[in-house]
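# Residue-level structural notes
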Amino acid sequence: MPLRSLGRAIVLGSALLGSVVASSLLTACTTSPWQATYTALSTEPLSPTADVRIRAVSWERLEPVLRDLDAEAAKSDAPPEEWPADLRSKRQATLLDALQVTRDAGGVDIIGRSAFKTTDTVEPEDGQLAALARQKGANLVVYSRSYLGKTEKIVQEPVTTYSSGSESWWGSDARRRRRHVDFSETSTSWVPMKIQADEHFFVAYFLRTK
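Bear in mind that the values here come from a model prediction, so they are computed numbers and not experimental data. (Residues numbered from 1 in each chain as written. Predicted model: local features only at pLDDT ≥ 70, side-chain atom pairs only at ≥ 80, totals over all residues. Heavy atoms only, no water.)

### Quick notes on the overall build of the protein chain
Put simply, the rule reads: Only runs of H or I of at least four residues qualify as helices and only runs of E of at least two qualify as strands under DSSP, and these elements are numbered from the N terminus. In this scheme, a residue with accessible area under 20% of its type's maximum is buried, one over 50% is exposed, and one in between is partly exposed, where area comes from a 1.4 Å probe on protein chains only. Any two residues whose heavy atoms approach within 4.5 Å are treated as being in contact. The protein chains shown are the only cover counted for residues, whose accessible areas, like all others here, come from Shrake-Rupley with a 1.4 Å probe.
Helices and strands together make up the secondary structure of the protein chain, namely 5 helices and 5 strands. Along the chain direction, N to C, the helices and strands of the protein chain fall in the order α-α-β-β-α-α-β-α-β-β. A burial count over the protein chain gives 39% of its 210 residues as buried. Long-range pairs, those at least 24 residues apart, make up 84% of the contacts in the protein chain between residues at least 6 apart in sequence. Carbon and sulfur atoms provide 50% of the accessible area of the protein chain, an area that totals close to 12300 Å².

If you want it as structure tokens, here you go:
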């Protein structure tokens, strides 16, 4: 069932840095990074043609709220699912406010979250995020990005080598003339090279509004 309070959904705010570190190994995945790092709370697929809204919220607004929620969870002696309903509702309202969701918290289900860091180009509006939202049952995705700075990245670069020379041989005709030909050729191989690249952090919350 969808969760309308943060309860067990506290995993959407806590252990954020740990999930990012793990996701840094996903650059070679064939699936999108949104899908590869998705944490599910509910699976109620929407129609493939259902409208999904994608919008951004600033990391400067979201990050301090996530850290406060994590710090509060770390101090608790009880697991999130045992927290009183009023505390869970308060925490969900805090998160939704940070996400600039103006609808009453009781009318919003938190479906899941994706979080990753990458040096690849990521375009939240390219359709992959919306497709995953439909698959998971969300009709609103709020994402945030943060620039982490430069980092080292291994890329495959082409290296071309050139060779030339000549060949000669005796002909097989009756006059046994010596034949000669010059040649040149190239070959390309791909080798790993270390470069400096811009790194960004992305987090997306998948919501279902009613």
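### Let's talk about helix α4 (residues 85-98)
Heads up, the condition is: A helix is expected to reach a length of 1.5 Å times the quantity of its residues less one. Think of it as the arc spanned by the lines of direction from the helix axis to the C-beta atoms.
Taking 1.5 Å of rise per residue, the 14 residues of α4 would be expected to cover 20 Å, and the 20 Å separating its terminal C-alpha atoms lies within 8% of that figure. Arg88, Arg91, Gln92, Leu95, Leu96 and Ala98 are the residues of α4 that are buried. All buried residues of α4 lie within an arc of 160 degrees about the axis, which places them on one face of the element. The exposed residues of α4 that point more than 90 degrees off its buried face are Asp86, Lys90 and Asp97. Directly after α4, the chain includes glutamine 100, whose backbone phi takes a positive value near 60 degrees.

### A look at the packing of aromatic side chains
Applicable threshold: Only Phe, Tyr and Trp rings take part, Trp by its six-membered ring, and two of them pair if their centres are within 6.5 Å. Stacked means planes under 30 degrees apart, edge-to-face means over 60, and tilted covers everything else.
Scanning the entire structure with this criterion turns up 5 aromatic pairs. With centroids separated by 5.0 Å and ring planes inclined at 85 degrees, the aromatic side chains of tyrosine 38 and phenylalanine 206 adopt a geometry described as edge-to-face. With a gap of 168 residues between them, tyrosine 38 in the loop between α2 (33-36) and β1 (39-40) and phenylalanine 206 in strand β5 (residues 178-209) connect regions that are remote in the sequence. For the pair tyrosine 38 and phenylalanine 206, one class covers both residues: buried. Each member of the aromatic cluster is reached from another via a ring pair, and the members are Trp34, Phe116 and Phe202.

### Observations regarding helix α3 (residues 59-75)
Here α3 spans 24 Å end to end across 17 residues, near enough to the 24 Å set by a 1.5 Å rise per residue. Among all positions in α3, only Trp59, Leu62, Val65, Leu66, Leu69 and Ala73 are buried. Within α3, the buried residues cover an arc of 140 degrees as seen down the axis, which keeps them to one side. When the buried face of α3 is taken as reference, the exposed residues oriented beyond 90 degrees from it are Glu60, Asp68, Ala74 and Lys75.

### Things to note about the side chain of asparagine 139
Mapped onto the elements, asparagine 139 comes out in the loop between α5 (128-136) and β4 (140-170). Its relative accessible area of 18% is what places asparagine 139 among the buried residues. Contact partners of asparagine 139, with chain neighbours within four places excluded, come to Leu46, Asp51, Val52, Arg53, Leu207, Arg208 and Thr209.

### Digging into the nonpolar core
Put simply, the rule reads: The set of buried Ala, Val, Leu, Ile, Met, Phe, Trp, Tyr and Cys residues whose side-chain atoms join them within 4.5 Å is what this entry labels a nonpolar core.
Among the nonpolar cores identified, the biggest contains 21 residues, and Leu62, Leu95, Leu99, Val101, Tyr205 and Leu207 are the most heavily contacted of them. Listing elements by their share of this core, those giving two or more residues are α3, α4, β3 (108-118), β4 and β5. The residues contacting leucine 99, other than those within four sequence positions of it, are Arg55, Val57, Leu62, Val142, Tyr205 and Leu207. Among the nonpolar cores identified, the runner-up in size contains 17 residues, and Leu132, Ala138, Val141 and Ala204 belong to it.

### A look at the side chain of serine 114
Just so we agree on the cut-off: Pairing of N or O atoms within 3.5 Å defines a polar contact, subject to two protein rules: one partner must be a possible hydrogen donor and the other a possible acceptor, and residues neighboring in sequence count only if both atoms are side-chain atoms.
Relative to the assigned elements, serine 114 resides in strand β3. At 2.5 Å, the side chain of serine 114 forms a polar contact with the backbone oxygen of tryptophan 34. Setting aside residues up to four positions removed in sequence, serine 114 forms contacts with Trp34, Thr37, Tyr38, Leu132, Phe202, Val203, Ala204 and Phe206.

### Some details on the pattern of salt bridges
Heads up, the condition is: Every case where a carboxyl oxygen of Asp or Glu lies within 4 Å of a side-chain nitrogen of Lys or Arg is listed as a salt bridge.
One pass over the structure, following the stated rule, counts 7 salt bridges. Put simply, aspartate 198 and lysine 150 hold a salt bridge, and the shortest N to O gap is 3.0 Å. Of this pair, aspartate 198 sits in strand β5 while lysine 150 is found in strand β4, placing the two residues 48 residues apart along the sequence. Two residues, glutamate 152 and lysine 194, come together in a salt bridge whose shortest N-O distance is 3.5 Å. Taken together, the residues glutamate 152 in strand β4 and lysine 194 in strand β5 connect sequence positions 42 residues apart.

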